Amino acid sequence: MKSLIKKTAAVGLALSVTACANQQNTNKEIALGLLELGIVKFDRDYILQYTAPEYRQHNPVVADGRAGLLDFIDLLERQQTEITITPIRIIAENDLVMIHQQAQVNGAKVAIDLFKVKNNKVVEHWDVIQNEIIDTVSGRSMTGGSTEIKDLDKTAENKQRVSQLIDALFINGKQDAIDKYIAKNYIQHSPFVPEGREGLKQFINDLTNNNISFGYTKMHNIVAEGNFVFTQSEGVFDDQPIAFSDLWRLEDGMIVEHWDAVQTIPTEFAHDNGMF
């Protein structure tokens, strides 16, 4: 009898995990469709079907709600704005989906979008958009590198490691966290930071020596899937309020690769929601 109970519990857990994974894949498809069809193709029917009426917007220039998004689409179409996107990495956890992408809209951009999806409808959206920089300090592109999602059994562990790094280094300024959480062969895609673990130390020390303020004040969201972890934070750089979107890849409990997009937080918004 005990054996039967254990087997039944194991089957139930397996079905639950499978259902969760299937829903996360559905959420990815819905979020990606909102970009590729709703935004790029001006597909209003898709927006009406897959966004909630109370859709909450954090992009500074788009008004709140599904109506605000539709008005924005109308504006883009009137202005004959041409948009292309190339999704590079998509990860999902529970109801959150992150999409790391290259985009062409009034020039080359790198964007990181975050969507909340509930009951197969997008209910909230955040993004950070940065001009793509080709001549990076590390010599690496802002979006190149590994894309394979693996180590799904390590999702929680990797999420905790990145959360600890954000808290120790970027919020509390403890530089010894670099050696604790970041691998020696750390691959850097942030355009202004040198390659490797020592490059990150050099970047932070140079800022300090030149009295340039830098740090995170709060991490608002964290999303993990296997070896990838995304963090959404606010902070300051050179006395300017900044939205930081970071994507981290881990191997064997150490951070081995990093991408980001940053955007100055404006003083005026098309809504009252802020960027977070």
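Undergrad: Would you mind going over the sheet that holds strand 6 (residues 182–188) in detail, with residue names and values included?
TA: Here five strands make up an open sheet; going across it, the order is 6-10-9-8-7 and the pairing mixed. Each of the sheet's edge strands pairs with one partner strand only, and the pair in question is strand 6 and strand 7 (214–225). The sheet shows a mean angle of 25 degrees between the axes of neighbouring strands, direction not considered. Here helix 4 (residues 155–171) sits on the sheet and contacts strand 6, strand 7, strand 8 (228–237), strand 9 (240–251) and strand 10 (254–264); the angle it forms with strand 7, its principal contact strand, is near 175 degrees. Contacting strand 6, strand 7 and strand 8, helix 6 (residues 196–209) runs over the sheet at an angle of about 80 degrees to strand 6.

Undergrad: Summarise unusual backbone geometry; cite the residues concerned and give the values.
TA: Residues other than glycine seldom take positive phi values, yet Phe42 does so here, at roughly 55 degrees. Secondary-structure assignment places Phe42 in the loop between helix 1 (2–39) and helix 2 (44–50). Positive phi, normally seen in glycine, also occurs at Asn211, with a value near 55 degrees. Tracing the backbone shows Asn211 in the loop between helix 6 and strand 7.

Undergrad: Could you give me a rundown of the pairing of strand 7, with the residues and numbers involved?
TA: As judged from the 10 bridges shared by strand 7 and strand 8, these two strands associate in the antiparallel manner. For Val223, the partnering residue across the bridge sits in strand 8 and is Phe230. The turn linking strand 7 back onto strand 8 is made up of two residues, and Gly226 within it adopts a positive phi angle of 60 degrees.

Undergrad: An account of the packing of aromatic side chains is needed here, citing residue identities and associated values.
TA: Enumeration according to the criterion identifies 10 aromatic pairs in this entry. With a centroid separation of 6.1 Å and an interplanar angle of 75 degrees, the aromatic rings of Phe203 and Phe214 are classed as edge-to-face. Of the two residues, Phe203 sits in helix 6 while Phe214 sits in strand 7, which places them 11 residues apart along the sequence. Looking at Phe203, the relative accessible area reads 15%, which means it is buried.

Undergrad: Quick rundown of the nonpolar core? Include the residues and the values.
TA: In this structure, Leu165, Leu169, Leu200, Trp248 and Ile255 are the most contacted members of the largest nonpolar core, which totals 25 residues. Elements supplying a minimum of two residues to this core: helix 4, helix 5 (176–181), strand 6, helix 6, strand 7 and strand 9. Looking at which element gives the most residues to this core, the answer is helix 4, with six residues.

Undergrad: How would you summarise the layout of surface pockets if you had to cite specific residues and measurements?
TA: The calculated volume of the largest pocket comes to roughly 650 Å³. Those elements giving two or more residues to the lining of the largest pocket turn out to be helix 1, strand 1 (51–57), helix 3 (65–78), strand 3 (96–104), strand 4 (108–118) and strand 5 (121–131). Among the elements that line the lining of the largest pocket, the one with the most residues is strand 4, at four residues. Along the lines of polarity and charge, the residues of the lining of the largest pocket split into 19 nonpolar, eight polar and three charged. Computed from the structure, the second largest pocket encloses a volume of approximately 360 Å³. Lining of the second largest pocket is provided by 23 residues; of these, Ser190, Phe203, Phe244, Asp260 and Val262 occupy positions nearest its centre. Only strand 6, helix 6, strand 7, strand 9 and strand 10 provide two or more residues apiece to the lining of the second largest pocket. Looking at the lining of the second largest pocket residue by residue, the class counts come to 14 nonpolar, seven polar and two charged.

Undergrad: Can you break down empty space enclosed by the protein residue by residue, with the values?
TA: Taken as a whole and assessed by the stated rule, the structure comprises one cavity of 30 Å³ or more. Of the voids in this model, the largest cavity is the one considered here, and its volume is about 60 Å³. As for the largest cavity, its lining consists of Ile112, Asp113, Leu114, Trp126, Asp127, Val128, Phe230, Gln232, Ala243, Ser245, Met275 and Phe276. Within the residue set of the lining of the largest cavity, elements represented by two or more residues are strand 4, strand 5, strand 8 and strand 9. Residues belonging to the lining of the largest cavity are distributed by class as follows: eight nonpolar, two polar and two charged.

Cut-off values and rules
Residues numbered from 1 in each chain as written. Predicted model: local features only at pLDDT ≥ 70, side-chain atom pairs only at ≥ 80, totals over all residues. Heavy atoms only, no water. Pairing = 2+ DSSP bridges. Helix = DSSP H or I, 4+ residues; strand = E, 2+ residues; numbered from the N terminus. Axes fitted to C-alpha atoms, helices over the stretch in contact; angles between N-to-C directions. Contact = heavy atoms within 4.5 Å. Phe/Tyr/Trp six-rings, centres within 6.5 Å; stacked < 30°, edge-to-face > 60°. Buried < 20%, exposed > 50% of the residue type's maximum accessible area, 1.4 Å probe, protein only. Core = buried A, V, L, I, M, F, W, Y, C linked by side-chain atoms within 4.5 Å. 1 Å grid on protein atoms, 1.4 Å probe; cavity = no way out; pocket = protein on both sides within 12 Å on 5 of 7 lines; lining within 4 Å. Points joined across faces, edges and corners; volume = space filled by probe spheres on them. Nonpolar A, V, L, I, M, F, W, Y, C, P; charged D, E, K, R; others polar.

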